[in-house]
Amino acid sequence: MALIGVALSSEERSARELVEAARAAEAAGFTAGWISDHFHPWNDEQGESPFVWSVLGGIAEATTTMTWETAVTCPTIRTHPAIIAQAAATTATLMPGRFRLGVGSGEALNEHIFGDAWPRPAIRLEMLEEAVEIIRLLWTGDVVSHRGRHYEVDRARIYSLPDELPPVIVSAFHGEALALAARIGDGFATTTPDAEGRERYRELGGRGPTQGAFKCCYGPDRQKAIETAHRLWPNEDLPGTLAQILPQPADFEAASQLVTPDMVAESVACGPDPAVHIAKVQAYVDAGFDEIYVGHIGPDHGAFLEFYAREVLPEFT
């Protein structure tokens, strides 16, 4: 049976709220969690974006059994892979055996902040592969020097290493990224119930868990839940590659004017009917995913946790 976890959105909650949400998730019976790693939120309405590595330190103390994973960290432009290697290693020492490093090729929204050019997709994947190579080299505890196409490391060594190194889960949404995930990852993650992509990952030799995720908006009034989801996360329904190439929250706000409440109602599980939420989870189960993560949009996160623990999780355990 698939594992059902919780996804925390750093774009929507303060650092303290994220730590408390993690604590509440464990108390509600969840055993695994995702947490996003952003510099900016997708739009100003979301209103937050704390530094994920500080938040994970708090979560390490607030929870004792849940596994946690960045979903996902981009170790290529905004943050050098050597720094990510150190941050992930330290986090893994704070929650032994409970941390996984989720990585991806990123979005311009977060990675442009130092004025770097935003590379085309093939180059971003090339950078990601080299970044993961550097991370794994540094996790050996050896003194590492590296001169590659995109990165240089000069006689660096990570001294604070966990007894158990964290798995590296690679985000993938298309063929080239799936091939990369299968080649370098300890699992892969996506945000659609893509049975064909999951199967292709396995055919390419991909090991470890296959992970999917979706957003919901629980509340007693379905129409109000739809309005909340449309106000906070219309960007979820933007087409094509806009999520990767738009550089500012204001750009997402402008593009999101094309997204209607009906579109959000179609894509996001909204309201109090357990059947709606169960069906969303079931789509990922039917697609064969090993782990499924659900993120709640809007306030009343505690009510969402209680609802899922009472009405949804028992259907899949």
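One can find the structure itself at the top, above this paragraph.
For every chain, the first residue of the written sequence is number 1, and numbering continues from 1 onward in sequence order. Restriction of local features to residues with pLDDT of at least 70 applies here, the model being predicted, together with a cutoff of 80 or more for giving and counting side-chain atom pairs; totals for whole chains, interfaces and linings are based on all residues. No hydrogens and no water enter the side-chain calculation; it runs on all heavy atoms of the structure.

A. A look at the layout of surface pockets. Put plainly, a pocket is an open set of points on a 1 Å grid over the protein atoms alone with protein on both sides within 12 Å along at least five of seven lines, a cavity is a set where a 1.4 Å probe fits but cannot get out, and a lining residue has an atom within 4 Å of a point. Grid points are joined across faces, edges and corners, and a volume is the space filled by probe spheres set on the points. Of the voids in this model, the second largest pocket is the one considered here, and its volume is about 160 Å³. Lining the second largest pocket are 13 residues, with Tyr-218, Gly-219, Ala-225, Thr-228 and Asp-300 sitting closest to its centre. In DSSP terms, a helix is any run of H or I states spanning at least four residues, a strand is any run of E spanning at least two, and both are numbered starting from the N terminus. With three residues, helix α8 (residues 222-232) is the largest single contributor of residues to the lining of the second largest pocket. Per-class residue counts for the lining of the second largest pocket are seven nonpolar, three polar and three charged. By the convention adopted, Pro, Cys, Tyr, Trp, Phe, Met, Ile, Leu, Val and Ala count as nonpolar, Lys, Arg, Asp and Glu as charged, and the other residues, Gly among them, as polar.

B. Inspection of the packing of helix α1 (residues 15-28) against helix α13 (residues 301-312) at higher detail. Under this scheme, a helix contributes an axis fitted over its contacting stretch, all axes are lines through C-alpha atoms, and angles between N-to-C directions fall in the 0 to 180 degree range. Where α1 contacts α13, the two axes come as close as 10 Å, and the packing angle between them is 20 degrees. It follows from the interaxial angle that α1 and α13 lie roughly parallel. In this structure, α1 crosses over α13, and the sense of that crossing is right-handed. Across the interface between the two elements, Ala-21, Ala-24, Ala-25 and Ala-28 of α1 pack against His-301, Leu-305 and Ala-309 of α13. Put simply, angles under 35 degrees are roughly parallel, angles over 145 are roughly antiparallel, angles from 65 to 115 are roughly perpendicular, and the rest are oblique. By definition, any crossing whose near helix is turned counterclockwise from its far helix by less than a right angle is left-handed, and any crossing with a clockwise turn is right-handed. Throughout, a contact is declared for two residues whenever any of their heavy atoms are within 4.5 Å.

C. A look at the state of the cysteines. A pair of cysteine sulfur atoms is labelled a disulfide when the two atoms are within 2.5 Å. Applying the stated criterion across every chain yields a total of zero disulfides. Counting only cysteine sulfurs, Cys-217 is the nearest neighbor of Cys-270, a cysteine outside any disulfide, at a range of 5.3 Å.

D. Structural view of the packing of helix α5 (residues 121-138) against helix α6 (residues 175-184). Close contact between α5 and α6 brings their axes to 11 Å; oriented N to C, the two are set at 10 degrees. Here α6 runs roughly parallel to α5, going by the angle between their axes. Residue-level inspection shows Ala-122, Leu-125, Leu-128, Glu-129, Val-132 and Arg-136 of α5 in contact with α6, the latter providing Glu-176, Ala-177, Leu-180, Arg-183 and Ile-184.

E. Quick peek at the pairing of strand β9 (residues 210-217). Whether a residue is buried, partly exposed or exposed follows from its accessible area with a 1.4 Å probe, protein chains only, as a fraction of its type maximum: under 20%, in between, or over 50%, in that order. Counting buried positions along β9 yields eight of eight residues, so the element is predominantly enclosed. The pairing criterion for strands is at least two bridges between them, as found by DSSP. In terms of strand pairing, strand β8 (residues 188-190) meets β9 through three bridges, oriented parallel. Bridged to Thr-190 within β9 is Gly-212. Relative to strand β11 (residues 291-296), β9 is paired through six bridges, and the arrangement is parallel. Bridging from a neighbouring strand, Lys-215 pairs with Gly-295 of β11. Across two bridges, β9 lies against strand β10 (residues 269-270) in parallel orientation. When the sheet's bridge partners are listed, Cys-216 is paired in β10 with Ala-269.

F. Molecular detail of the side chain of Ser-10. Its location among the elements puts Ser-10 in the loop between β1 (3-8) and α1. Excluding its chain neighbours within four sequence positions, the residues that come into contact with Ser-10 are Leu-18, Ile-35, Ser-36, Glu-48, Ser-49 and Pro-50.

G. Focus on the pattern of salt bridges. We count a salt bridge whenever a side-chain nitrogen from Lys or Arg sits within 4 Å of a carboxyl oxygen from Asp or Glu. Applying the stated criterion to the full structure yields 16 salt bridges. With its nearest N and O atoms 3.2 Å apart, the salt bridge here joins Glu-152 to Arg-147. Judged by its relative accessible area of 48%, Glu-152 falls in the partly exposed class. Between Asp-290 and Arg-202 there is a salt bridge whose closest N-O contact spans 3.0 Å. On the criterion of sequence distance, the pair formed by Asp-290 in the loop between α12 (274-286) and β11 and Arg-202 in helix α7 (residues 195-203) is long-range, its members being 88 residues apart. Judged by relative accessible area, which is 33%, Asp-290 ranks as partly exposed. The class of Arg-202 is partly exposed, set by a relative accessible area of 30%. The network of salt bridges with common partners includes Asp-37, Arg-78 and Glu-111.

H. Region of interest: the packing of aromatic side chains. Here a pair means two rings of Phe, Tyr or Trp (six-membered ring of Trp) with centres within 6.5 Å. Their orientation is stacked below 30 degrees between planes, edge-to-face above 60, and tilted elsewhere. Taken as a whole and assessed by the stated rule, the structure comprises ten aromatic pairs. Ring centres of Phe-188 and Phe-289 lie 6.3 Å apart, and the angle between their planes is 40 degrees; on these two criteria the pair is classed as tilted. Pair noted here: Phe-188 is in strand β8 and Phe-289 is in the loop between α12 and β11, with a separation of 101 residues, a long-range link. Across the pair, Phe-289 and Phe-188 agree in class, each one buried. An aromatic cluster of three or more residues is present, and its members are Phe-188, Tyr-201, Phe-214, Tyr-284 and Phe-289. Sitting above the plane of the Trp-233 ring, Lys-215 keeps its charged end 4.2 Å from the centroid. Note on criteria: charge over ring means Lys NZ or Arg CZ within 6 Å of the ring centre, with the direction from the centre no more than 35 degrees off the ring normal.

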